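One-letter residues, chain by chain:
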Amino acid sequence: MKKIIVVGGGASGLVAAIIAKRHGADVTIIERNARLGKKILATGNGRCNFTNVDALPIHYNNPAFVKSVFDSFSPSETLLFFKSLGITPKIEDLGKTYPLSEQASSITDVLIYEIKRLGIEVIYEKVILSAHKETQGFVLYDQQGETYHCDRLIVATGGLALPQSGSDGTGYQIAKDLGHEITPLFPALVKLKLDSPYLKVLDGVKFPGFVSLIHQNQIIQTEFGDILFTKYGISGPTILQLSRKANALLQDHQTIYVDVKLVSELNPTDIEERLMDLKNLPVELALLGLINRKLVSVVLKEARLMADVTIEQLNPMQIKRLAQLLTSMKFKVTGSKGYEEAQVTAGGVNVNDIQPKTLESKKSKGLYFAGEIIDIDGLCGGYNLQWAWSSGYVAGLHATQ
Ligand SMILES: Cc1cc2nc3c(=O)[nH]c(=O)nc-3n(C[C@H](O)[C@H](O)[C@H](O)COP(=O)(O)OP(=O)(O)OC[C@H]3O[C@@H](n4cnc5c(N)ncnc54)[C@H](O)[C@@H]3O)c2cc1C
């Protein structure tokens, strides 16, 4: 019987352990926390958006690698896996899938129940700091210098996002010890910081609209959905989706902007016509029917207009400028809220050094990786947990063979 150690009892590690045990291995999970699956509880605002039924490899940064893993364990197989454990899924807009209970704890509860039912050993409150290959298998060292031996090793320690959940990046050292290169790391699915004198006024303004990421006057990515201004910058699902590309460019010391459509339903010509219809009204009042009150003062400042001037007192250039601002207001992006608030880590163990069909290391036989520690990240909306389950399944299965 193969002795397998799974380092990390998070999403990917739990599935890897379950699958390995079901296939006859002697499995031990080593988890630094006093409990399993801590981060899962924080997912989906406590509801756990545990998969996305529309998730495809193209929704991830390394699609060919993801495809190979999804060929073994796809979102539909994930649904069956969780259904068999007792979870009834609830599919919402854009394929986002939650447990019907709307409680993330349902997901951890059923996984932990299965871990116990299978008799998987769990060692809590031990941080593995390094690993070495032995003639037969591996030896791991924890923070107290204690050692652990195994035939096969699955590293499922997560990335750097939400470090208080336990994923503080120590796993990268284990990967390096065993000969792996770590690609540049940066936070993704994270709120962005802006440089703007208007943030204090705009704090709390939320509306649905289009927002684009701009680099060298080119649109890099556009998203539609809720946009939320905050005292440090900008947030909302749209921004999380843009944040990966934004942070990649910032890492490269590039200057970038977000271009926000304050009015997404009308084009500039429509807006000009609408304003002309209201020519007797003060400009402030005409704008109040189009955008949030707090945005009105910002637009007037940017357009250098007094609030009480009537539309008919404006010249055509001023009207054009107003229409332009309402459909395109640019803000310079200066950074992000970092790993503390990021949902995922971009970068990780280089996929070129991992077998895509088995998730076994090409550098160290018997070593497997699962989850966010690998250089894979996906969109916001159930894609990253899906990667964790799929990669956990593949690593767990092949580690037994
Ligand atoms: C706030 C938030 C909300 C999110 N919401 C969603 C969502 O709704 N849908 C979605 O798809 N994704 C979501 N994600 C992303 C998702 O949670 C992660 O992609 C996923 O949990 C990664 O799984 P993992 O197993 O790789 O790592 P983790 O879940 O981070 O687990 C790693 C485990 O390893 C342990 N560990 C780390 N280092 C060591 C060590 N050296 N020794 C021993 N143990 C160690 C940690 O304590 C942890 O338990 C969210 C993330 C955050 C932060």
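Only a predicted model underlies this, so the values are computations on that prediction, with no experimental measurement involved.

> Any chance you could explain unusual backbone geometry here in plain terms?
One can expect most non-glycine residues to show negative phi and most peptide bonds to be in trans. Positive phi, normally seen in glycine, also occurs at Leu162, with a value near 50 degrees. Within the element layout of this structure, Leu162 appears in the loop between strand E10 (152–155) and helix H6 (170–177). Phi is positive for Gln216, which is not a glycine, with a value near 50 degrees. Along the chain, Gln216 falls in the loop between strand E13 (206–215) and strand E14 (218–229). We classify Gln216 as exposed; its relative accessible area is 59%.

> Even after reading the chapter, I still don't get the UniProt feature "domain: RsdA/BaiN/AoA(So)-like Rossmann fold-like" (unreviewed entry) in the protein, so can you show me in this structure?
Residues annotated in UniProt with the feature "domain: RsdA/BaiN/AoA(So)-like Rossmann fold-like" (unreviewed entry) correspond here to residues 3–396. Annotation note: span residues 3–396, helix share 33%, strand share 24%, distance between end C-alpha atoms 12 Å.

> Could you clarify how one ought to interpret the nonpolar core in this entry?
Within the largest apolar cluster, 79 residues are counted, with the highest numbers of intra-cluster contacts made by Phe82, Leu111, Leu153, Ile374 and Trp389. Broken down by element, this core gets its largest block of residues, ten residues, from helix H13 (residues 383–399). What Leu153 contacts, discounting residues up to four positions off in sequence, is Ile5, Val7, Ala131, Phe138, Leu140, Leu178, Gly366, Leu367 and Tyr368. Core analysis: the second largest hydrophobic core is formed by 47 residues, Ile256, Ile291, Ile319 and Leu322 among them.

> It is not clear to me how the sheet that holds strand E8 (residues 138–142) should be interpreted in this structure. Could you clarify?
Within a sheet, each strand pairs with its neighbour through backbone hydrogen bonds, oriented either parallel or antiparallel. With antiparallel pairing, the three strands of this open sheet are ordered in space as E7-E8-E9. Pairing within the sheet leaves two strands with one partner each, and these edge strands are strand E7 (128–133) and strand E9 (147–150). Taken over all neighbouring pairs, the strand axes of this sheet differ in orientation by 20 degrees on average, direction set aside. Sheet topology note: the E7/E8 ladder contains five bridges and is antiparallel. Residue Ile128 lies in a different strand from E8, and its bridge partner there is Asp142.

The rules behind the values
Residues numbered from 1 in each chain as written. Predicted model: local features only at pLDDT ≥ 70, side-chain atom pairs only at ≥ 80, totals over all residues. Heavy atoms only, no water. Helix = DSSP H or I, 4+ residues; strand = E, 2+ residues; numbered from the N terminus. Buried < 20%, exposed > 50% of the residue type's maximum accessible area, 1.4 Å probe, protein only. UniProt positions renumbered as here; feature names shortened; annotations may be inferred. Core = buried A, V, L, I, M, F, W, Y, C linked by side-chain atoms within 4.5 Å. Contact = heavy atoms within 4.5 Å. Pairing = 2+ DSSP bridges. Axes fitted to C-alpha atoms, helices over the stretch in contact; angles between N-to-C directions.

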